[in-house]
Amino acid sequence: MGTIRKLLAKVTPAKAYKLHAYTGAGGQFDYERYRKAQVAGNKAKLGKVWVKRETVALIARYIEARGIKPEFGLCHGTRRGMEQKWFAEELGCRVLGTEISDTATQFPDTIEHDFHETRPEWIGACDFIYSNSFDHAYDPEKALTAWVSCLKPHGLIVMEHTSGHEAAATSEMDPFGAALTLMPYLVTTWGKGRFHVAEILDFPHPKKTGYSKALVVEKRR
Ligand SMILES: C[S@@+](CC[C@H](N)C(=O)[O-])C[C@H]1O[C@@H](n2cnc3c(N)ncnc32)[C@H](O)[C@@H]1O
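Residues numbered from 1 in each chain as written. Predicted model: local features only at pLDDT ≥ 70, side-chain atom pairs only at ≥ 80, totals over all residues.

Q: Explanation requested: the overall build of the protein in the structure shown.
A: Broken down by element type, the protein carries six helices and nine strands. For the protein, whose C-alpha radius of gyration is 17 Å, the value lies close to the compact-globule estimate of 17 Å for 221 residues. With the C-alpha coordinates of the protein rotated into their principal frame, the extents come out at 50 × 40 × 35 Å. Expressed as a percentage of its 221 residues, the buried residues of the protein come to 36%. Across the protein, contacts joining residues at least 24 apart in sequence account for 63% of those joining residues at least 6 apart. (Helix = DSSP H or I, 4+ residues; strand = E, 2+ residues; numbered from the N terminus. Rg over C-alpha atoms; globule rule 2.2 N^0.38 Å. Buried ≥ 20, exposed ≤ 12 C-beta atoms within 10 Å, placed from the backbone. Contact = placed C-beta atoms within 7 Å.)

Q: Help me out: how do you make sense of helix 2 (residues 31-44) in this one?
A: One full turn of an α-helix is made of 3.6 residues, so residues set three or four places apart face in the same direction. When the terminal C-alpha atoms of helix 2 are compared, their 20 Å separation across 14 residues agrees well with the 20 Å that a helix rising 1.5 Å per residue should span. Inspection of helix 2 places Y34, A37, Q38 and N42 among the buried residues, and these make up the whole buried set. Down the axis of helix 2, the buried set is contained in an arc of 130°. They therefore lie on one face. Relative to its buried face, helix 2 has exposed residues pointing more than 90 degrees away, namely E32, K43 and A44. (Expected span 1.5 Å × (residues − 1). Arc of directions from axis to C-beta.)

Q: Could you clarify how one ought to interpret the pairing of strand 3 (residues 94-99) in this entry?
A: Successive residues of a regular strand alternate their side chains across the two faces of the sheet. Summarising burial for strand 3: five of the six residues are buried, a large majority. In terms of strand pairing, strand 2 (residues 72-76) meets strand 3 through five bridges, oriented parallel. In the sheet register, G73 faces strand 3, and the bridge partner there is V95. Regarding the hand of the β-α-β motif, the stretch spanning strand 2, helix 4 (residues 82-91) and strand 3 is right-handed. Pairing analysis gives three bridges linking strand 3 to strand 4 (residues 110-112), with the strands arranged parallel. Of the residues in strand 4, the one forming a bridge with G97 is T110. (Pairing = 2+ DSSP bridges. Right-handed = clockwise from strand over helix to strand, strands pointing away.)

Q: I'm lost on the site of the ligand in this one. Help?
A: The ligand sits among 21 residues. The nearest are N42, W50, V51, G77 and R79. Residue assignment for the shell around the ligand shows that the elements contributing at least two residues are helix 2 and strand 3. It is helix 2 that contributes the most residues to the shell around the ligand, three residues altogether. Grouping the constituent residues of the shell around the ligand by class yields five nonpolar, twelve polar and four charged. (Near = placed C-beta within 6 Å. Nonpolar A, V, L, I, M, F, W, Y, C, P; charged D, E, K, R; others polar.)

Q: Mind showing me how you'd approach helix 3 (residues 53-65) here?
A: Its 13 residues give helix 3 an end-to-end C-alpha distance of 18 Å, which sits within 8% of 18 Å, the value for a rise of 1.5 Å per residue. Buried within helix 3 are the following residues: T55, V56, I59, A60 and I63. On an axial view of helix 3, the arc spanned by its buried residues comes to 135°, and they lie on one face. Residues E54, R61 and A65 are exposed on helix 3 and point more than 90 degrees away from its buried face.

Q: Looking at this model, I keep getting lost on unusual backbone geometry. Mind explaining?
A: Peptide bonds are, in most cases, trans, and in most cases residues other than glycine have a negative phi. Look at D109: it is not a glycine, yet its phi comes out positive at around 55°. Within the secondary structure, D109 is located in the loop between strand 3 and strand 4. According to the C-beta neighbour criterion, D109 is partly exposed, with 15 such atoms within 10 Å. In this model, K192 sits at a positive phi of 45°, which is unusual for a non-glycine residue. Looking at the secondary structure, you find K192 in the loop between helix 6 (183-191) and strand 8 (195-203). C-beta crowding within 10 Å serves as the criterion here: with 11 such atoms nearby, K192 is assigned to the exposed category.

Structure representation (structure tokens):
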């Protein structure tokens, strides 16, 4: 995390990037503070669904158009679990969701799990990974590196990035935010030649001033 801060301080204005620090009394990273903030936010918004069915359908068609016949996918930070349900319906494959909150057990195909970590059975097992919750990462490099380790060689990650994922939107609940234009730079830097942004998808957005995009992240082949 420190390395990225130093790197960005050199190349970009502070307004383009923000990573909220969860520090404890001694100034060290306080994981419990992070987890509690996420669980509180999850419970406060438990009735809401952010992901749109139309977006899932468009991403599913994109995955098919790339010649991928998915058997297994993961979705990260899924709250009510609608994305894993819709991807499973659209693509006819098994899809699991991760959710850090203990509310995970209320929703089908949802595992209580912090997406910064992997599970042995997921390593090299995913045809695709979808998330609109990357802005909830306390350490985006760690999270994305973990996700990439779960991809099959032809697999891809689709990360939604909208005007609501920018630095101005960061808080104790949404710790990471960056300008869209900075994201390919960040991902390429974190990838260290192992992964990169291969494409940027564009979706309809209801407001003229907003945007709705998704970064497609792939392993180097
Ligand atoms: C903005 S909400 C999006 C929920 C869902 N994807 C949707 O579209 O409705 C982010 C969700 O990610 C969960 N979350 C936050 N940090 C997480 C982590 N490290 N691992 C797994 N889930 C996390 C939160 O609890 C919350 O439910």
